[in-house]
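# Residue-level structural notes
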Amino acid sequence: MSRYIMRRVLIMIPTLIGVSIILFSVMMIAPGGPEAVLMGEDIAPEAAARIRANLGLDQPAPVQYLRWFSAMLQGDLGNSFRTGEPVLSIIVDRLPNSLTLTLAAFAFALAVSIPFGVLASVKHNSFIDKLMSVVAFLGVSFPSFWLGIVFILIFADQLGWFPVSGMATYGMERDILNRLHHLVLPAVTLGSVQMATYMRFTRSGMLEVLRQDYIRTANAKGLHPRHVVLRHALRNGLISVITVIGLSLPALIGGAVLTETIFAWPGVGRLAVNAVFQRDYPIIMGVNMAVAVVTVTVNLLVDIVYTIIDPRIAYD
Amino acid sequence: MRRLALLAVVLLLVVGSASAVQADEDRYGGQIIIGSIADASLLNPIVENDSASYDINYWVFDSLIRLDETLTPQPVLAESWEISDDATEIVFHLKEGVLFHDGVEFTAADVEFTIFSILDYKTITTKRPYFDSLLGAKEYLDRISELDSLYEDEEISSDEHADMAESAFEELKAAGGIEVVDDYTIVFNLATPFAPFLTVALDLGIAPKHLLEGEDINATEFNSNPIGTGPFQFVEWRRADRIVLEAFDDYHEGRPYLDRVIYRVIPDQTVLVTELRSGGVDYMPQPPPEMIPRLEDDPNLNVMQIDTVAYTYMGFQLTNPLFQDVKVRQAISYAIDMEAIVEFILLGYGQEATGPFPEAMWAYNPDVRRFSFNPDRAIELMAEAGWTLNDDGKMEKDGEEFAFTLETNQGNELREQMVVIIQEQLSEIGIDVTVSLSEWPTFVDRLLAANYEAVVVGWTGTADPDGYGYTVWHSSQFPGRNTSQYANDRVDYLFEQARVEMDIDKRTEYYHEIQEILAEEQPYVFGYFADQIHVAHARYQGWVPTPQREGIMLTLKNVWIED
Amino acid sequence: MAAVLRTRQKQLASERPSSQLNDAWRKLKRNRLALAGGFVVLIIILSAALAPWIAPHSYRQQSLMSRLQEPSSDHWLGTDGYGRDVFSRVLWGARVSLQIGFGAAGLALFIGVILGSIAGYYGGYIDNAIMRFTDIMMCIPALFLALTVIALFGASMINTMIVIGVIYWTRTCRIVRGEFLSLRKREFTEAARALGMKDSRIIFRHLLPNALAPIIVQATLFIAQVILIESGLSFLGLGAQPPTPSWGNMLTEGYKFLSMAWWIATFPGLAIFFTVLAFNLLGDGLRDAFDPKQQASS
């Protein structure tokens with residue numbers, strides 16, 4: 001097992017390098033550059049050259065990449081072009097906010113989709129099954145920002161049940177209830193997008209398991225159906241859901257860009273959007289790398305969990 | 001005219017007189033949450049260049065003078081000043097005992113440092129033109145552009161450039177434009193009389209020399225951790241979330257009433273307005289016009305409508321052959337229905353612009369050529385310029401169709417709406433407009449580099465017409481604000497005269513003629529002056545509306561909460 | 001020899017998926033939700049195609065005098081902030097949104113199928129290389145990458161379409177590869193190879209048709225996803241540019257008027273909702289229909 005994990009960890013390295021090369025290339029071939037944004041009214045060509053040189057952008061692209069890369073190995077993601085702040089500390093400030101939102105969204109999606117998915121599979125082809133799949137598709141059929149604003153107008157503005165936006169009331173950042181209160185609407189908004197996917201996988205995973213011999217045997221032995229489903233089928237039926245979790249993570253974090261904008265949530269999504277608009281290359285690189293690291297780590301964890309839940313899988 | 005004179009509006013809008021019963025000492029305490037759609041970027045008055053940064057810097061940094069609601073200079077860090085008869089020497093006596101937020105005393109050296117930092121070519125700033133009348137400044141700036149072209153032609157290396165520029169900077173400092181007589185006396189010597197120097201140049205936050213000397217002013221840590229002498233001191237900045245300021249107890253005019261100012265960034269305007277209505281935000285500048293009636297209906301909110309000195313325009317890149325013929329520009333002006341835009345997009349919260357000056361300004365000339373909506377006249381004028389409608393209904397000349405890209409910045413709803421309307425209205429006379437929206441930083445860059453065909457954007461004026469005028473229209477101001485690259489010898493001459501002339505009647509004459517020429521030549525389609533609308537919760541009292549940009553925010557130090 | 005070859009080819013032909021398609025169609029016919037989805041999809045495609053003829057007004061003709069009008073007999077879905085007819089714009093928007101949807105899905109499919117087939121068919125280090133590349137792409141949040149590229153290169157309908165297509169091919173690639181991995185071990189592939197058939201012929205004539213089912217399902221679901229992605233990009237100002245009416249930018253524009261003119265955003269919002277729902281139901285139905293393990297339902 002530990003050898004398997006070692007191997008998986010080693011594979012992460014070339015993956016992350018690949019991510020960084022792709023991103024770097026996109027920025028290098030894009031027309032225009034950050035000096036344009038930075039120069040303000042200093043539009044003399046000489047000033048442009050001077051600023052490019054200051055940012056190290058006058059070097060050939062491979063040299064720039066290697067510089068960035070070797071600095072990164074020492075934990076230095078560079079400084080923001082615009083404000084001069086170290087990128088690492090900017091990301092460390094923000095990433096937890098995004099992860100909180102993503103995890104909450106994820107928890108919401110699972111909490112809704114697993115019971116419903118199991119129910120749908122048990123009542124296969126019944127009215128409930130149909131209803132469940134339509135309901136699941138409702139969430140995934142709205143543009144998430146639209147869903148967000150509708151939630152705000154209904155639950156925050158009209159009913160006043162939740163705060164409109166932000167992460168916490170000023171001065172109450174340490175109050176866990178206040179933070180949870182702020183978390184509900186954005187998490188539900190973001191989570192709705194994944195709900196249908198998880199439910200579909202739960203349902204089909206369960207269906208497959210329920211058809212298998214050992215379940216039939218258990219049923220034949222006269223065990224209570226609830227007992228059969230919960231004790232025997234669920235564990236195996238959920239394996240396919242766990243796989244999707246890893247795959248859906250980047251989509252969740254990507255979707256957070258919109259949710260964060262609507263709910264004024266200070267996460268890495270908005271940071272990335274602003275950085276893109278301002279051509280703040282070090283921040284763009286940093287945010288994407290951070291998300292990639294989170295993604296590969298989660299995928300690794302998923303695989304490990306996978307092997308624990310399903311002993312049939314060998315660590316080849 | 002619906003419009004009242006500035007003074008009348010100010011009198012009408014001074015709020016809170018009824019609550020004079022609340023004793024002064026009871027006014028202290030509480031906080032205000034201000035909502036903004038954009039985050040600040042550089043909290044340093046030397047390099048600030050976006051409106052969110054301006055807002056914060058107003059509160060953290062004091063200037064020598066500030067313009068009051070009648071646009072008259074009032075002392076802040078200055079105690080008094082004297083102007084010589086020929087208006088080339090201005091002596092400032094500074095307040096004693098003013099402290100920066102770190103406890104160090106403010107002196108004349110800080111003023112000198114701030115202004116020289118702005119003049120320094122290495123600094124990325126929009127404020128250089130305000131100070132180019134100081135002794136030696138013009139020579140310095142000329143020398144820099146000379147060095148730049150030498151460098152461009154590869155006649156000097158970048159090291160040589162830096163060395164020569166550095167010695168030019170030393171010469172500038174020695175030229176006597178700024179004389180620090182003692183800690184509390186500073187003298188400005190101007191090469192030529194510059195009438196608006198006081199109002200344009202000195203309404204500027206003063207940065208602390210002791211913290212910034214030797215730093216790279218464009219990227220110093222100070223820019224995200226500012227220290228000034230203002231009524232509120234910086235506490236924390238969580239980017240894209242909020243900036244927190246607290247009352248400065250040792251403020252030289254006395255501590256402000258509010259304990260705390262929280263500047264919240266809420267990127268979506270609809271959400272921001274919802275926050276305002278539900279109490280998550282106490283104050284918001286410039287809500288979209290469509291939302292104003294609804295806010296006015298809310299008894300908890302106080303909607304303040306204030307005159308403005310800012311106008312929105314459509315500017316042409318005059319070096320582009322398409323726009324070189326004045327008839328084409330006039331035709332475009334005729335084809336755009338600005339009256340309808342003011343009525344239906346601004347919902348009447350504003351007025352059409354006939355030139356760069358607002359109606360309430362002394363320099364305003366009401367008798368200039370106007371271009372009321374008249375598409376037929378537009379087509380005639382296009383024909384006179386050689387453009388005729390082809391079989392596809394497009395304007396064509398020598399086999400080429402008239403088409404251009406119209407740019408504006410994203411996120412400004414009024415401007416976004418305006419470009420779409422212009423696009424449609426010009427298509428009615430056969431002109432093909434492609435709309436391009438970009439984020440503010442990208443857009444500003446394209447604008448200032450004159451890298452566009454046409455733009456919709458705005459200028460925020462100053463109390464003196466020179467601020468609207470010279471830096472935008474004088475042919476020497478490109479690179480700079482004259483991004484349309486307008487050049488007219490007569491206009492140059494008139495602006496030069498108007499800025500050295502002290503007699504207000506003569507200045508009025510000069511500015512009147514300038515407006516006539518600009519109206520005739522239409523280097524811009526002058527759009528509209530949109531009123532400033534500020535919305536605050538009714539419990540906040542003491543706002544003093546001023547027609548200057550975000551002027552009302554400057555009065556935050558006088559705002560208190562009514563019980 | 002020739003005779004042997006003919007028999008062989010007949011055998012190969014019998015492995016063709018025509019019976020599978022018939023089967024699926026029979027199952028699909030009995031799935032009412034999927035049929036409803038398919039029906040809505042058809043209507044939307046028709047109205048997009050016929051928009052120039054059936055739209056009562058121009059999609060860009062403004063009339064500031066009649067802005068923000070409620071739905072009426074003249075303007076069935078009201079007018080927007082520029083006085084344009086919302087109904088006509090929703091119809092034209094269908095054109096734009098579907099073009100982006102089909103275009104991006106086509107492109108993603110094209111890339112995904114090619115890479116997936118190559119990886120699945122050849123296996124070995126080629127497979128390894130392609131799959132590592134796919135892993136890399138899947139680590140970058142696609143929406144981030146899309147908005148980065150569009151913001152850097154400029155927003156337009158075409159760019160949006162291309163960028164989405166170029167970024168979102170990974171899932172198709174994995175699906176196709178998976179199918180190929182199992183198919184290439186099957187007898188008919190071995191036979192075809194033994195007969196000296198060219199690789200490209202085996203891939204395109206024999207393997208791909210057998211992998212068609214999951215590709216069709218994936219494409220259907222993906223079109224729905226593209227419409228949502230486009231609306232998200234539009235919300236950030238990076239979708240189709242005005243006056244081109246995509247549902248995404250209509251929704252974004254109209255949503256600012258939500259409190260005073262609900263109809264401007266609501267109708268494009270509903271158009272997105274129903275279209276996405278329809279494609280999803282259809283895709284889900286197709287998935288069930290193609291699934292040999294699933295019994296014909298109802």
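Each remark here, short or long, concerns the structure printed above.
Scope of this entry: the structure provided in the associated data block. (Residues numbered from 1 in each chain as written. Chains lettered and ligands numbered in written order. Predicted model: local features only at pLDDT ≥ 70, side-chain atom pairs only at ≥ 80, totals over all residues. Heavy atoms only, no water.)

With that settled, the discussion passes to the overall build of chain A. Summing up its helical and strand segments, chain A has 13 helices and zero strands in all. When the helices and strands of chain A are read in sequence order from the N terminus, they spell out α-α-α-α-α-α-α-α-α-α-α-α-α. When each of the 316 residues of chain A is scored for burial, the buried share is 55%. Partitioning the intrachain contacts of chain A with sequence separation of at least 6 by distance along the chain shows that 73% fall at a separation of at least 24. In the form shown here, chain A has an accessible surface area of approximately 13,500 Å², with 67% of it arising from carbon and sulfur atoms. (Helix = DSSP H or I, 4+ residues; strand = E, 2+ residues; numbered from the N terminus. Buried < 20%, exposed > 50% of the residue type's maximum accessible area, 1.4 Å probe, protein only. Contact = heavy atoms within 4.5 Å. Areas by Shrake-Rupley, 256 points an atom, 1.4 Å probe, with all protein chains shown as cover.)

Our next topic: the sheet that holds strand E15 (residues 388-389) of chain B. Residue and element names in this part refer to chain B. The three strands are arranged E15-E16-E17 in an open sheet whose pairing can be described as antiparallel. With partners counted over all chains shown, the strands left at the sheet margins are E15 and strand E17 (400-401), one partner each. Pairing of E15 with strand E16 (residues 395-397) involves two bridges; the strand directions are antiparallel. Opposite Leu-389, over in E16, you have Met-395 as the bridge partner. (Pairing = 2+ DSSP bridges.)

Residues and elements named next belong to chain B. In a regular helix each residue adds 1.5 Å, so 16 residues correspond to 22 Å; helix H4 (residues 137-152) covers 22 Å between its end C-alpha atoms and thus fits that length. The complete set of buried residues in H4 reads Ala-137, Tyr-140, Ile-144, Leu-147 and Asp-148. The arc that holds the buried residues of H4, viewed along the axis, is 105°, so those residues lie on one side. Positive backbone phi, at 60°, marks Glu-154, one or two positions downstream of H4. (Expected span 1.5 Å × (residues − 1). Arc of directions from axis to C-beta.)

As a further point, take the interface of chain C and chain B. Listed per partner, the contact involves 20 residues of chain C and 24 residues of chain B. Both faces combined, the contact of chain C with chain B buries some 2,000 Å², and carbon together with sulfur accounts for 53% of it. Taken as a group, Leu-64, Tyr-82 and Lys-256 of chain C account for 29% of the area that chain C buries against chain B, more than any other trio of residues on that side. There are one salt bridge connecting chain C and chain B. For the salt bridge of Arg-67 of chain C with Glu-290 of chain B, the shortest nitrogen-to-oxygen distance reads 3.9 Å. Between chain C and chain B we count two residue pairs in polar contact (both at pLDDT 80 or more) in total. Residue composition of the side of chain C that touches chain B, grouped by class: 10 nonpolar, six polar and four charged. (Buried area = accessible area lost by both parts, 1.4 Å probe. Salt bridge = Lys/Arg side-chain N within 4 Å of Asp/Glu carboxyl O. Polar contact = N/O pair within 3.5 Å; in protein donor to acceptor, adjacent residues only side chain to side chain. Nonpolar A, V, L, I, M, F, W, Y, C, P; charged D, E, K, R; others polar.)

The backbone of Asp-398 of chain B sits at a positive phi, close to 50°, despite the residue not being glycine. Of note, Asp-398 of chain B is situated in the loop between E16 and E17.

Next up on the list: the interface of chain A and chain C. At the junction of the two partners, chain A supplies 55 residues and chain C supplies 47 residues. Connecting chain A to chain C are zero salt bridges. Across the contact surface, chain A and chain C share one residue pair in polar contact (both at pLDDT 80 or more). Elements with a minimum of two residues in the side of chain A that touches chain C: helix H1 (2-29), helix H6 (127-140), helix H7 (144-158), helix H8 (176-210), helix H11 (239-262), helix H12 (268-277) and helix H13 (281-309) of chain A. Taken together, the residues of the side of chain A that touches chain C sort by class into 37 nonpolar, 12 polar and six charged.

This brings us to the pairing of strand E13 (residues 310-316) of chain B. Successive side chains on a regular strand alternate, one facing one side of the sheet and the next facing the other. Residues and elements named next belong to chain B. When you tally the buried positions in E13, you get six out of seven residues, the bulk of the element. Where E13 lies against strand E20 (residues 454-460), seven bridges are found, and the strand directions are antiparallel. For Met-314, the partnering residue across the bridge sits in E20 and is Val-456. Direction of pairing for E13 relative to strand E21 (residues 524-530): antiparallel, over a ladder of five bridges. Note that in E21 the partner of Tyr-313 across the bridge is Phe-526.

Residues and elements named next belong to chain B. Where helix H16 (residues 489-500) meets helix H17 (residues 504-521), the closest approach of the two axes is 9 Å, and the angle between their N-to-C directions is 155°. With respect to H17, the axis of H16 lies roughly antiparallel. Every pair of crossing elements has a handedness; the one defined by H16 and H17 is left-handed. Here Arg-490, Val-491, Leu-494, Phe-495, Gln-497 and Ala-498 of H16 lie close against H17, whose contacting residues are Arg-507, Tyr-510, Tyr-511, Glu-513, Ile-514 and Ile-517. A per-class count over the contact of H16 with H17 returns eight nonpolar, one polar and three charged. (Axes fitted to C-alpha atoms, helices over the stretch in contact; angles between N-to-C directions. Parallel < 35°, antiparallel > 145°, perpendicular 65-115°, else oblique. Left-handed = near helix turned anticlockwise from the far one by under 90°.)

Turning our eyes to something else, we now look at the nonpolar core. Residues Val-287 of chain A together with Trp-247 of chain C are the most contacted members of the largest nonpolar core, which totals 154 residues. Each of domain 1 (2-73) and domain 2 (97-309) of chain A accounts for three or more of the residues forming this core. For Val-287 of chain A, the residues in contact, after removing those within four places along its chain, are Ile-91, Val-268, Leu-271 and Ala-272 of chain A together with Phe-144 of chain C. Within the second largest apolar cluster, 79 residues are counted, among which are Val-47, Phe-92, Val-98 and Tyr-263 of chain B. (Core = buried A, V, L, I, M, F, W, Y, C linked by side-chain atoms within 4.5 Å. Domains from an automatic or database assignment.)

With that settled, consider the sheet that holds strand E7 (residues 185-189) of chain B. Residues and elements named next belong to chain B. What the four strands build is an open sheet, ordered E4-E5-E7-E6; its pairing is antiparallel. Where the open sheet ends on each side, the last strands, each with one partner, are strand E4 (78-83) and strand E6 (178-182). Neighbour to neighbour, the strand axes of the sheet diverge by 20° on average, direction disregarded. Across four bridges, the pairing between E6 and E7 is antiparallel. Counted as the bridge partner of Glu-179 is Val-187 from E7.

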